[in-house]
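# Descriptive structure summary
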Amino acid sequence: MAKVRIYQLAKELGMSNEELLEILDSMGVEYKSHASTLEDETAAAVKELIGEQRLAEEARKAEEARKAIPHRAPVVVIMGHVDHGKTSLLDYLRKSRIAEKEAGGITQHVGAFEVKTKGGTVVFIDTPGHEAFTSIRERGAKVADIAVIVVAADDGVMPQTREAIAHAKAAGAKLIFAANKMDLPQASLEKVYQGLMKEGIVPVAYGGEAEVLPISAKTGQGVQDLLETILITAELEDLRADPNAEATGVVLESRIDKQAGVLASLLVQQGTLKVGDYVVAGEHWGKIRAMTDSEGVRRNQTGPSTAVQVLGFSEPPSAGTAFEWVPDQVAAKEITEERRLEREAREVAPEVGRPRNIADLLR
Ligand code: GTP
Ligand code: MG
């Protein structure tokens, strides 16, 4: 193969002769002019260097683009063993939020509510049983960024605490522990620490990474610290969402109201959802006719990390289903019809490899 001349290589790399000469100078390569030939190794070294520079430039641009996307509020789910205080903690958080506003207000159940602090806003999922959280996990999507695992400090780590930890980890959520009921005389933070250690979770107090906050959902002691820890954790996660993107998110819950019709609570994760938008969720679609936020306020639009109750689905989409914006009714109908047919085809297909009866099982 003929040796490459500088001007040929410059052309190949899509740069000017001057630019390439500058690079050769920096590499200490000698030449007479842009018509000089280069050794094969030199040409290869130049290509490698340019390749690296371009990759670095691309990475820098990608990082810049990411940084241009605004931060969003963390979405938090509260989990834990039965009677350890999940509902009490949510109630306390909800109450303190209302008291702050002094609205004493009419709150609407939309499956999530916001707590505003000086350090930022935190969104708590309060859908009963956190169906959405569990079922979406099976579909590989993510509802909550952070899971607060409530452990009653008089009781310690229990079977459903372990289950909650496993679920939260599988869902890719960051874990924060709340040692609850610290107002009780028999409460023992040490007991919670020991229980967590048995699960391989090392509290910060023991030199590990796990945040364990002593709280009382009854008195409110420590709840502020818990909120701060949530916000610090969220900051480290660098959560961002583009409000200009097409709206996507998750159905938190849905029901049929005798008067209003189908009501669905949606958590918007990306983009901005607007009244008049068409959305699909699984096999159902809707045209958003009205939206209400958790304060009971009618909204025309709502951005990332907010939950709203919407009117406009013809049938209730199931909790945990992802929803997405589609341009119009034609798209909405075609996409949902496709999904229905796909499911029906799956259902009639023979279930290969699955045991059909006891004999099969014992084979
Ligand atoms: P399930 O939804 O049934 O799993 O329970 P939960 O985890 O939601 O617990 P819940 O908030 O209903 O609390 C259970 C009991 O513990 C209730 O009687 C609460 O009043 C009580 N409780 C919750 N938090 C505290 C606390 O911080 N201190 C004390 N003393 N009691 C608490
Ligand atoms: Mg409860």
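A few points on the structure. (Residues numbered from 1 in each chain as written. Chains lettered and ligands numbered in written order. Predicted model: local features only at pLDDT ≥ 70, side-chain atom pairs only at ≥ 80, totals over all residues. Heavy atoms only, no water.)

Across soluble globular proteins, nonpolar side chains have a tendency to be buried as a group. Counting residues in each nonpolar core, the largest one holds 33 residues, and the members touching the most others are I149, F177 and L196. Of all the secondary-structure elements, those providing two or more residues to this core are β1 (75-80), β3 (120-125), β4 (146-152), α6 (159-170), β5 (174-180), α7 (189-198) and β7 (248-257). In this structure, I149 is in contact with M79, T161, A164, I165, A168, L175, I176, F177 and A178, ignoring residues within four places of it in sequence. (Core = buried A, V, L, I, M, F, W, Y, C linked by side-chain atoms within 4.5 Å. Buried < 20%, exposed > 50% of the residue type's maximum accessible area, 1.4 Å probe, protein only. Helix = DSSP H or I, 4+ residues; strand = E, 2+ residues; numbered from the N terminus. Contact = heavy atoms within 4.5 Å.)

The end-to-end C-alpha distance of helix α9 (residues 329-348), which contains 20 residues, comes to 29 Å, matching closely the 28 Å that a straight helix rising 1.5 Å per residue would cover. Taken residue by residue, α9 has A331, A332 and T336 as its buried positions. In an axial view of α9, the angular spread of the buried residues amounts to 115°, which keeps them on one side of the axis. Exposed positions of α9 whose direction lies more than 90 degrees from the buried face are V330 and V348. Next to the buried residues of α9 lie β10 (278-281), β11 (284-293) and β15 (322-326). Sitting at the head of α9, D328 places a side-chain oxygen 3.3 Å from the backbone nitrogen of V330. (Expected span 1.5 Å × (residues − 1). Arc of directions from axis to C-beta. Polar contact = N/O pair within 3.5 Å; in protein donor to acceptor, adjacent residues only side chain to side chain.)

This paragraph deals with the packing of aromatic side chains. Per the counting criterion, the structure on display carries three aromatic pairs. Judged by centre distance (5.3 Å) and plane angle (55°), the ring pair of Y193 and Y206 falls under tilted. Placement of the pair is Y193 in helix α7 and Y206 in the loop between α7 and β6 (212-214), with a sequence separation of 13 residues. What makes Y193 buried here is its relative accessible area of 11%. On the basis of relative accessible area, Y206 is assigned to the partly exposed category, the value being 33%. (Phe/Tyr/Trp six-rings, centres within 6.5 Å; stacked < 30°, edge-to-face > 60°.)

Lining the immediate surroundings of ligand 1 are 15 residues, of which K86, T87, S88, D183 and A217 lie closest. The separation between an oxygen atom of ligand 1 and a polar side-chain atom of S88 is 2.5 Å. One of the side-chain N or O atoms of D183 is found 2.7 Å from a nitrogen atom in ligand 1. Expressed as a share of its isolated accessible area of 640 Å², the protein-covered part of ligand 1 is 68%. Per element, the largest residue contribution to the shell around ligand 1 is three residues, and it comes from helix α4 (residues 86-101). (Near = heavy atom within 4 Å. Areas by Shrake-Rupley, 256 points an atom, 1.4 Å probe, with all protein chains shown as cover.)

Keep in mind these values describe shape, not function.
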